[in-house]
Amino acid sequence: MGANTSQVSDLCENQSLRTLIGTESISENDPFWNQLISFTFISPTSSGDSKLLEEAVIPLAKILIENNPRTGNFGALVRIFLGRTKELKISTECQDQLFIWQAHNALFMIRCLLKVFISEMTEEELHQQFSYQERAPGSCDTGREDLLEELMCNLVHLVVEVPLLDITYSILFEAVTTMLVLLSYQLFHKEILRDGLIYQYLMKERCVSLTSRLVKTLLYNFIRQEKCPPPTTHIFDQQSDGGGLLYGLASGVASGLWSVFTLGGASSKPGLEQEQNPLPLSNQSLLLLLVLANLTDGPNDCPNPYRQAVTCFKNTQDTSSIPTEQHHTFQINFNSLYTALCEQQRSDQATLLLYTLLHQNTNMRNYMLSRTDMENLVVPILEILYHVEDRNSHHVYMALIILLILTEDDTFNRSIHEVVLKNITWYSERQLTEISLGSLLILVVIRTIQYNMTRTRDKYLHTNCLAALANMSAQFRCLHQYAAQRIISLFALLSKKHNKVLEQATQSLRGPRGADDSSVLPDYAQDLNVIEEVIRMMLEIINSCLSNSLHHNPNLVYALLYKRELFEQFRTHPSFQDIMQNLDTVRQRETQHECQHANTHTQTLIPKSSLKTMKFPELKFKYVEEDQPEDFFIPYVWSLVFNSGVGLHWSTTNIQLFSMDSA
């Protein structure tokens, strides 16, 4: 069996690995290769175990970098793998587990080495490492294949051709992960990469011809949510002597790698279970899909084909013909995709996929808006916003923009008030035993605004929250008493903040000003202007509700009357006079009657025609991406790969694309 190695650190002394990285070339026909790739293991899925493995591989990879120009052993390993991929589909059909197993092991070794190579060298230098190969003395170099391109194309082909079964799960996971590793050059560059070698391979016909199949396969991997097969389904049983899971000619590296990889499987250490991802292929496929969809367009405005595929796929139940001008389109089961999206919103990457489909795929957006169970999608998004303190800012932004896109649709805005929810356990400020989805949405958005006012003070967040409320305001129906109260409470908070800033500005004018105080007044003026813009928007939202659905919202009328003194100071303010006239109409007519009769008298005492609505345009806001969205989305996507990639660990030292704070 060879010398056993029981410690990760012992890998550096393993004889088979020393031979691979050494100074002697190894022929592709040498039995050594069959010996090298004959080991069985469970891949690590926690960041801690991945870090241990990476630290053990780095010194080996650096020696190989030095010796490979003379030996070509790395290229030989790649060709060994490529030779096996040609028969993988047939091997799967024939249940040839040994063949699949060895191909997987070869790919795993390539991926581990590539990860170090990419952090140590440029794409051109990486290409050189693939080009080195053993040559007979005196022979000339004649038109060899581009081995790096062959590897990338074979990985794409493997993912789309090999069916997902227990015996193929690991190699499909490795193929997707290796593609992510090859694309990870972006992590080590601050600027957005637009035309690198790997990018060019993906944009060539060999890969582009498989675009729709690749995107469809990655989506189905996400939809299926297949768990990693348990260790008992692996090819060979563990030997009773504890020497590792070995096969026949396996060398010492086998038992050494086994000791490494059992850390991520059945032999996990206590306390690491929470780090394990039970859906590694689903997670990795989604990350790769997001990376591909967010690649930049090619030279001369050549569109990214992977984004095209994401934006135009159709429902399997859609029998209409596909327009000829739509490239890379395909059909997929929308119901299954919708269900997976509803179930997986805990993760940033699933929320980002939902945003991408809502914003860019008209077919999928229309399907979602036609669903009669929208609460299954909306409630998880509201839960993200509710736990804003525990989420990163990008996840919160995506959730909020999803709501904004949904509220652009009037049918959605009406239907959410017809859906009644019971016992919202995660909403802790108040027990909500029964509330409409619309009222819950209003509560959560208002809570997000209040959190932002006191903590982050992000104008972008404010703007999108208010835009979502404004879009819904004309269709507010039967608002829950607590939702109506929170609308007025938010206005009270804004009013208090307005008065405080106004007082500070006044005091700064009265006090002595030195040479260094020239910026004080403009700062107060800017703060005051922002607050007044928000107050104006809140008044317009309330006015829109009263103008369009007054008789359906007695609780809001009651709350307005109960806190009518809040609005007094704004009656004569030039920025708010026009809107205040409408609200004042409500106040003047209702002050004659007891507040508890608001529900009875709303319809009879305040004719809708008496409200001034003609001079106010309909409140409608539409989400539009910023110019050059890749400047936001590419760093965001790679931060998700950095944080959530299964079995992947990157040292923070060389990461340039984003700061560790934003990651």
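This text follows the structure it describes.
Heads up: these notes are all about the structure in this document. Keep in mind it's a predicted model, so treat the numbers as computed, not measured.

**Digging into the overall build of the chain**
- Looking only at helices and strands, one finds 29 helices and 4 strands in the chain.
- Scored against the burial criterion, the 663 residues of the chain give a buried share of 55%.
- Of the roughly 29,200 Å² of accessible surface on the chain, a fraction of 48% belongs to carbon and sulfur atoms.

**Some words on unusual backbone geometry**
- With a phi close to 50°, Cys478 is a non-glycine residue in the positive phi region.
- A positive phi angle, near 55°, is found at Gln628, a position not held by glycine.
- By secondary structure assignment, the location of Gln628 is in the loop between α28 (598-605) and α29 (630-644).

**Regarding the packing of aromatic side chains**
- Considering all chains together, one arrives at 21 aromatic pairs under this definition.
- Ring plane angle 85° and centroid distance 5.8 Å describe the contact between Phe313 and Phe334, whose orientation is recorded as edge-to-face. Of this pair, Phe313 sits in the loop between α15 (305-312) and β1 (314-315) while Phe334 sits in helix α16 (residues 334-343), placing them 21 residues apart in sequence. The exposure classification of Phe313 matches that of Phe334, with both residues buried.
- A ring pair is formed by Phe334 and Tyr367, whose centres lie 5.4 Å apart and whose planes are at 75°; its orientation type is edge-to-face. One end of the pair, Phe334, is in helix α16; the other, Tyr367, is in helix α18 (residues 362-370), with 33 residues separating them in the sequence. The two residues Phe334 and Tyr367 agree in class, both being buried.
- Cluster of aromatic residues (ring-pair linked, three or more members): Phe313, Phe330, Phe334, Tyr338 and Tyr367.
- Seen from the ring of Tyr386, Arg447 lies directly overhead, with NZ or CZ sitting 4.1 Å from the centre.

**Let's talk about helix α7 (residues 123-131)**
- For α7, the full list of buried residues reads Glu123, Leu126, Gln129 and Phe130. Down the axis, α7 shows its buried residues gathered within 110° of arc, on one side only.
- In this structure, the buried residues of α7 make contact with α3 (47-71), α4 (73-85), α6 (97-120), α8 (147-161) and α10 (197-203).

**Things to note about the environment of Ile531**
- Considering the arrangement of structural elements, one finds Ile531 in helix α25 (residues 520-549).
- Those residues in contact with Ile531, other than ones at most four positions away along the chain, are Leu494, Lys497, His498 and Val501.

**Describing the nonpolar core**
- Among the nonpolar cores identified, the biggest contains 214 residues, and Leu114, Leu151, Leu341, Tyr427, Leu440, Ile487 and Phe567 are the most heavily contacted of them.
- No other element matches α6, which puts 13 residues into this core.
- If we skip the residues at most four places from it in the chain, Phe567 touches Ile488, Phe491, Leu539, Ile542, Leu560, Met580 and Leu583.

Quick notes on the rules
- Every chain is numbered independently, its residues counted from 1 as its sequence is written.
- Owing to the predicted nature of the model, reporting of local features is limited to residues with pLDDT of at least 70; listing and counting of side-chain atom pairs is limited to 80 or more, with chain, interface and lining totals taken over all residues.
- Heavy atoms throughout the structure, all of them, feed into the side-chain values; hydrogens and water do not.
- Helix numbers and strand numbers start at the N terminus; a helix is a DSSP run of H or I with at least 4 residues, a strand a run of E with at least 2.
- Classification of residues uses two cut-offs on accessible area relative to the type maximum, computed with a 1.4 Å probe and protein chains only: under 20% is buried, over 50% is exposed, and between them is partly exposed.
- Note on areas: Shrake-Rupley, 1.4 Å probe, and residue coverage restricted to the protein chains presented here.
- To pair, rings of Phe, Tyr and Trp, with the six-membered ring standing in for Trp, must have centres within 6.5 Å; the planes then decide the type, stacked if under 30 degrees apart, edge-to-face if over 60, and tilted in the middle.
- We count a charge as sitting over a ring when the NZ of a lysine or the CZ of an arginine lies within 6 Å of the ring centre and within 35 degrees of the ring normal.
- In this context, the arc is that of the directions from the helix axis out to the C-beta atoms.
- When checking whether two residues touch, look at their non-hydrogen atoms; a contact exists if any pair is within 4.5 Å.
- Here, nonpolar core refers to any group of buried Ala, Val, Leu, Ile, Met, Phe, Trp, Tyr and Cys residues whose side-chain atoms link them within 4.5 Å.

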